[in-house]
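# Residue-level structure breakdown
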Amino acid sequence: MKMTHKERAIAALTRQIPDHVPTFELEFQLAEEMFGKPLFPPELKPGRIETLSALEKEQKIYEMAEYTAYVYKELDYSIIPLMMVGDSDYWDKQGKLPPEFVQYARYLREFTEGKVLLAHHGDGTYSIPDGNDMYEFAYRIADDPEGVCEQAQKMADWAIDRNKKLHEAGIDVLLLCCDYCYNTGPFLSPDMFRQFIQPYLSSRICIRLFRQARRTASIPSSIRTATLCRSSTNSSNASRMRSIRSTRWRASTSARSSGLSATRCVSAATCTARPCRPAPRKMSLRARNTA
């Protein structure tokens with residue numbers, strides 16, 4: 001029996017066997033080369049979207065959603081990554097998603113008829129810092145590990161609240177895409193990863209979110225918190241998914257019978273993350289370097 005794209009992606013993410021391998025990209029950047037125009041209309045970019053009337057803005061968002069659905073249908077993708085439309089700082093200012101994004105997600109859901117999964121980034125942990133912050137972050141890990149952990153907690157809480165709003169807007173898949181490693185090895189040592197990343201990646205973001213799902217029975221089984229690898233892109237046909245590193249799930253029988261998935265992060269049973277207990281230091285790294 002042929003699966004829909006949505007069914008195919010869920011089967012892959014839940015470690016079942018789909019009818020064939022689903023396709024997906026974190027970003028597709030060749031829409032203009034392949035289909036004649038970019039996925040993101042220039043009129044909706046910051047600095048120009050403010051000049052549009054409400055009617056003009058809605059029309060552009062409608063056209064963007066229609067074109068997005070067309071492009072990913074041609075690519076035969078099972079999961080569509082949504083781009084943020086509207087003020088990217090709206091969440092920090094209002095505690096809400098930009099209304100333009102909510103509108104975009106609603107239109108895209110209508111155009112795809114609910115047969116694909118809609119995705120958006122849901123990161124809430126430290127990533128490899130850029131060149132401007134590399135030294136400062138390294139110093140903070142050595143000099144103020146408690147402060148680093150406090151900030152990590154705030155970042156995780158921020159992500160949980162925002163991801164709940166993304167779900168309410170129709171997002172099915174949360175993409176956790178923070179870079180933790182170079183091609184030659186990890187940025188943080190395994191001990192540092194267990195201290196500054198893992199508790200907030202698994203215990204905070206995954207477990208707390210889905211404990212809430214069990215209590216409220218409000219999150220459908222289609223939502224999955226997963227880490228998806230970038231697939232290789234081919235200019236002539238759809239990308240093939242290279243691999244999926246998905247969080248494993250277990251749903252109760254009663255939840256499945258009701259059509260909802262009361263889920264928990266299985267990794268919690270084997271999680272080795274320890275609480276943040278920074279080792280005492282006699283002298284800070286910065287002080288030693290300047291001594």
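Residues numbered from 1 in each chain as written. Predicted model: local features only at pLDDT ≥ 70, side-chain atom pairs only at ≥ 80, totals over all residues. Heavy atoms only, no water.

Our next topic: the overall build of the chain. Helix and strand content of the chain: eleven helices and seven strands. Buried positions account for 40% of the 291 residues belonging to the chain. Put simply, of all contacts in the chain between residues at least 6 apart along the chain, 71% involve residues at least 24 apart. By element, 50% of the accessible surface of the chain is carried by carbon and sulfur atoms, the whole surface being about 16200 Å². (Helix = DSSP H or I, 4+ residues; strand = E, 2+ residues; numbered from the N terminus. Buried < 20%, exposed > 50% of the residue type's maximum accessible area, 1.4 Å probe, protein only. Contact = heavy atoms within 4.5 Å. Areas by Shrake-Rupley, 256 points an atom, 1.4 Å probe, with all protein chains shown as cover.)

Further remarks concern the pattern of salt bridges. Scanning the entire structure with this criterion turns up ten salt bridges. Look at the salt bridges and you will find they share partners, linking Glu43, Lys60 and Glu63 into a network. (Salt bridge = Lys/Arg side-chain N within 4 Å of Asp/Glu carboxyl O.)

Tracing the chain through its elements places Met192 in helix α8 (residues 190-196). Judged by its relative accessible area of 30%, Met192 falls in the partly exposed class. Sequence separation of Met192 and Pro145 is 47 residues, and the distance between their C-alpha atoms is 9.8 Å. With sequence-adjacent residues up to four places away left out, Met192 is seen in contact with Ile141 and Ile197.

Most of strand β2 (residues 117-121) is tucked away, with four of its five residues classed as buried. In the sheet, strand β1 (residues 79-81) pairs with β2 via three bridges, with the strands oriented parallel. The partner of Ile80 across the bridge, within β2, is Leu118. Two strands pair when backbone bridges link them, and β2 and strand β3 (residues 173-175) are joined in this way by three bridges, in the parallel orientation. When the bridges of β3 are listed, His121 appears paired with Leu175. (Pairing = 2+ DSSP bridges.)

What follows covers unusual backbone geometry. Trans peptide bonds make up the majority, and among non-glycine residues the majority have a negative phi. At Asp76, a residue that is not glycine, the phi angle is positive and equals roughly 65°. For Asp76, the position within the fold is in the loop between α3 (54-75) and β1. The phi dihedral of Glu113 is positive, around 60°, even though this residue is not glycine. Counting through the fold element by element, Glu113 comes out in the loop between α5 (99-112) and β2.

Taking 1.5 Å per residue, 22 residues should reach 32 Å; α3 reaches 32 Å between its end C-alpha atoms and fits that length. Among the residues of α3, those classed as buried are Ile61, Met64, Ala65, Tyr67, Thr68, Ala69, Val71, Tyr72 and Leu75. Buried residues belonging to α3 abut α2 (31-35), β1 and α5. (Expected span 1.5 Å × (residues − 1).)

Take the side chain of Thr23 next. Checked against the element boundaries, Thr23 lands in the loop between α1 (5-13) and α2. Reaching out from Thr23, the side chain makes a polar contact with the backbone oxygen of Asp76 at a distance of 2.5 Å. (Polar contact = N/O pair within 3.5 Å; in protein donor to acceptor, adjacent residues only side chain to side chain.)

Another point: the confidence of the model for the chain. Confidence in the prediction for the chain averages 75 pLDDT; 69% of positions are at 70 or higher. For the chain, per-element mean pLDDT is lowest for helix α10 (residues 253-258), which scores 28, and highest for α3, which scores 96. Note on residues 213-285: pLDDT is under 50 here. Beyond four places in sequence and across chains, it has 149 contacts. (pLDDT = per-residue confidence, 0-100.)

Turning our eyes to something else, we now look at the nonpolar core. Looking at soluble globular proteins, one finds that nonpolar side chains tend to be buried together. Counting 31 residues, the largest nonpolar core has Leu44, Leu82, Tyr104 and Leu108 as its most contacted members. Among the elements of the structure, α3 and α5 are those that each provide at least two residues to this core. If one sorts the elements of this core by residue count, α3 sits on top with eight residues. With residues near it in sequence (within four places) discarded, Leu82 still touches Phe101, Tyr104, Ala105, Leu108, Leu118, Ala119, His120 and Ile171. Core analysis: the second largest hydrophobic core is formed by eleven residues, Cys149, Ala156, Leu188 and Tyr200 among them. (Core = buried A, V, L, I, M, F, W, Y, C linked by side-chain atoms within 4.5 Å.)

For the pair helix α6 (residues 134-143) and helix α7 (residues 145-168), interaxial distance at closest approach is 5 Å and the crossing angle is 110°. By the angle class used here, α6 and α7 are roughly perpendicular. Residue-level inspection shows Arg140, Ile141, Ala142 and Asp143 of α6 in contact with α7, the latter providing Pro145, Gly147, Val148 and Gln151. Looking at the contact of α6 with α7, its residues break down into four nonpolar, two polar and two charged. (Axes fitted to C-alpha atoms, helices over the stretch in contact; angles between N-to-C directions. Parallel < 35°, antiparallel > 145°, perpendicular 65-115°, else oblique. Nonpolar A, V, L, I, M, F, W, Y, C, P; charged D, E, K, R; others polar.)

For the structure shown, the criterion picks out ten aromatic pairs. Ring centres of Tyr67 and Tyr70 lie 6.5 Å apart, and the angle between their planes is 25°; this geometry places the pair in the stacked category. With Tyr67 and Tyr70 both in helix α3 and three residues apart, the pair spans about one turn of that helix. Overall, Tyr67 belongs to the buried group, its relative accessible area being 9%. Here Tyr126 and Phe137 contribute two aromatic rings whose centre-to-centre distance is 5.1 Å and whose plane-to-plane angle is 55°, an arrangement assigned as tilted. Separated by eleven residues along the polypeptide, Tyr126 in the loop between β2 and α6 and Phe137 in helix α6 bring together distant segments of the chain. You can call Phe137 buried: its relative accessible area is 9%. Grouping aromatic residues by their ring pairs yields a cluster made of Tyr126, Phe137, Tyr182 and Phe187. (Phe/Tyr/Trp six-rings, centres within 6.5 Å; stacked < 30°, edge-to-face > 60°.)

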